[in-house]
Amino acid sequence: MDITIGIICMQMQERYQIETILPIERDVLVKGFQIWDGEDPKPDILYVCQETPPAHTRWNRKMQIGAGLDLHVMNGTAFTISVKTPISFHQLVNSLQEIFQDFYHWQADMEQLFYKREDLTVILNKLEETYGLVSTLVDKDLKHVALSESYSLYHPHLLCGDTMPLDMLNEIMGNEHFRNAEQHEEPFVYPHTEKNSYSYCYNIKISGRYEARLLVENKKGERFYGGLSLVGYVGEHLEKIIAQQSDEKIPETAFYDFYNILKDLLQGLPKSEEEILHCLQVRGWQREHTYQLYVFQFIRPENGLVTRRYYQVEMERLFQECCILVDEEYLCCIWNLSLTDPKAHNIRQELAIFLRENLCKAGISQEFTDISQLKQSYLEAAHALQIGTASNSTWWYHSFKPLILPYILQQAIKEIDVWRLYHPAIRTLIQYDQKEHTELVQTAYLYMKHRYNVTQTAEALFIHRTTMLFRLRRIELLTGIDWDDWKERLHMAITFELMEKNEDL
């Protein structure tokens with residue numbers, strides 16, 4: 001879930017007097033906020049304005065906020081928030097920073113509770129603790145399955161037990177609007193006509209059957225910004241937890257085991273086939289699925305949990321069927337290609353945009369079909385990032401496949417001086433060229449590059465074919481090289497690659 005303009009409005013409204021043209025049930029995703037300094041606005045960014053932006057169509061469908069500004073609407077499509085309470089621009093920016101941090105901390109805590117399949121009351125209490133929203137989960141018989149801590153304070157009839165009094169139950173069950181509400185597939189607003197208040201609701205459905213309903217209210221029983229987004233996010237996860245609890249085949253620790261075994265495999269710890277298969281099934285993954293591993297390194301230092309959580313959400317949106325892990329150096333994304341439709345989801349262009357906007361670079365492993373080889377693929381991606389960045393620093397991502405030869409050459413010279421790895425014939429030619437001011441090394445290199453074609457090599461060197469033949473005889477006399485020996489040719493080809501890398505050619 002991303003933070004939304006509605007959630008920001010709700011939080012700002014609790015702190016200051018605000019005015020906004022955002023409809024209370026409308027919500028828009030927000031990727032972040034920044035101070036507007038006159039540049040063209042980007043989509044999904046909330047701009048903090050010290051002065052009213054000019055009336056221009058470039059602000060269509062953009063968002064802006066200002067302290068004490070009459071932010072007007074261009075063509076009726078921009079979403080604006082105007083803070084009327086006297087505050088400084090610095091206070092406004094700090095308030096927004098706190099709102100974003102509170103949201104990402106809350107979301108990280110909620111994700112942990114969801115993965116642990118924590119007691120439902122604990123989950124509802126976390127929503128109340130952060131956003132002051134009271135909530136309850138009611139089953140199809142109107143029994144309260146779980147209540148947040150303060151819910152009963154605002155609903156005194158619950159003091160007599162966890163079910164409603166019979167007269168109230170009969171009145172609600174006879175309400176046609178209440179019965180029709182069971183048809184909703186998306187979050188919706190339910191009006192309580194008997195007390196002139198509202199609940200934001202999400203129907204919990206298991207295998208298409210209505211089983212329960214999540215109701216969320218503020219403590220005044222009024223409509224509030226961000227309600228549909230929050231109830232939808234919590235409701236979807238509660239639905240998954242309830243569905244899992246109804247399936248005895250999935251153990252309590254299934255999702256933790258899934259992440260833990262991938263972490264162990266990433267570190268190269270051996271696991272039995274039975275362990276791997278048992279843990280992967282919770283996500284529908286299989287050992288022999290096709291995978292690819294990405295490592296991400298951010299140019300700017302990360303801002304702890306808040307920033308990492310934002311990156312994780314963005315990557316999950318980008319790759320869809322993936323698992324995000326964090327090690328000491330990188331954010332790692334394990335992408336299940338077998339469960340991703342390649343026609344519907346080509347991520348390369350979106351990936352480049354994400355990397356550029358977040359000042360991030362990525363290394364990409366080769367595709368692999370055995371999840372137990374995760375450590376090797378991690379090393380591939382890490383080396384691709386390191387070698388690729390060194391050779392092409394302006395590129396945002398680097399794949400290991402085209403960098404295999406540079407990797408082999410890099411490994412070759414780790415312990416032994418590169419000169420000692422040159423083919424003896426090339427070393428002889430280098431010394432001869434230096435002494436006699438000839439070009440026999442260049443001649444041998446181009447001769448191999450042009451597939452041992454004398455005419456093409458002579459043209460590349462701008463010399464006569466006879467001169468080329470003379471040089472070849474000289475090379476053979478000096479070195480005794482056998483051009484028909486495949487191992488000799490291979491060693492010489494590797495030598496020339498090393499020389500290019502070492503800038504000796």
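Here goes a summary of the coordinates provided. (Residues numbered from 1 in each chain as written. Predicted model: local features only at pLDDT ≥ 70, side-chain atom pairs only at ≥ 80, totals over all residues. Heavy atoms only, no water.)

Describing the overall build of the protein
To be explicit about the condition: Helix and strand definitions here come from DSSP, where helices need a minimum of 4 consecutive H or I residues and strands a minimum of 2 consecutive E residues; each element is numbered from the N-terminal end. What makes two residues a contact is simply this: any of their non-hydrogen atoms within 4.5 Å. Residue exposure ignores everything except the shown protein chains as possible cover, and the areas themselves are Shrake-Rupley values with a 1.4 Å probe.
Looking only at helices and strands, the protein has 18 helices and 15 strands in total. Taking as baseline every contact in the protein between residues at least 6 positions apart, the subset at least 24 positions apart corresponds to 57%. Carbon and sulfur atoms make up 49% of the accessible area of the protein, which amounts to about 26,200 Å² in all.

Describing a nonpolar patch on the surface
Counted only if it meets this: Here, patches come from residues exposed beyond 30% relative accessible area and free of salt bridges, joined within 9 Å for like charges and within 5 Å for nonpolar side chains (Val, Leu, Ile, Met, Phe, Trp, Tyr). In what follows, salt bridge is the name for a side-chain nitrogen of Lys or Arg lying within 4 Å of a carboxyl oxygen of Asp or Glu.
On the surface, a nonpolar cluster with roughly 300 Å² of combined accessible area is contributed by Trp486, Leu490 and Ile494. You can see Trp486 is positioned in helix α18 (residues 486-501).

Focus: the pairing of strand β14 (residues 360-364)
Filter applied, for reference: Relative accessibility under 20% of the residue-type maximum defines a buried residue, over 50% an exposed one, and the middle range a partly exposed one, all with a 1.4 Å probe and only protein chains included. Here the rule is simple: two strands pair whenever DSSP picks up at least two bridges between them. Crossovers are described as right-handed under a simple rule: with the strands pointing away from the observer, the path leading from the first strand over the helix to the second runs clockwise.
For β14, the buried fraction is high: 5 of the 5 residues fall into the buried class. Sheet analysis places strand β11 (residues 291-298) next to β14, joined by 5 bridges and oriented antiparallel. Pairing of Val295 across the sheet is with Gly363, part of β14. Of the strand pairs in this sheet, β14 and strand β15 (residues 397-399) are connected by 3 bridges, and their pairing is parallel. If you follow Ala362 over to β15, its bridge partner there is Tyr397. Tracing the backbone out of β14, into helix α11 (residues 374-391) and back to the parallel element β15 gives a crossover that is left-handed.

Brief notes about the environment of Leu379
You can see Leu379 is positioned in helix α11. Placed 113 residues apart in sequence, Leu379 and Leu266 show a C-alpha to C-alpha distance of 9.4 Å.

Concerning the sheet that holds strand β8 (residues 188-192)
In plain terms, the rule: Geometry is summarised by axes, namely lines fitted to C-alpha atoms with helices restricted to the contacting stretch, and by angles between N-to-C directions that run from 0 to 180 degrees.
Pairing in this open sheet of 5 strands is antiparallel, and the strands run β7-β6-β10-β9-β8 from one edge to the other. Edge positions in the sheet fall to β7 (144-147) and β8, since each has one partner strand and no second. When the angles between neighbouring strand axes are averaged without regard to direction, this sheet yields 30°. Here strand β6 (residues 134-139) pairs with β7 via 3 bridges, running antiparallel. Each residue of the ladder has a partner; that of Val138, found in β7, is His144. Docked against the sheet, helix α3 (residues 120-131) engages β6, β7 and β10 (209-217), running at close to 45° with respect to β7.

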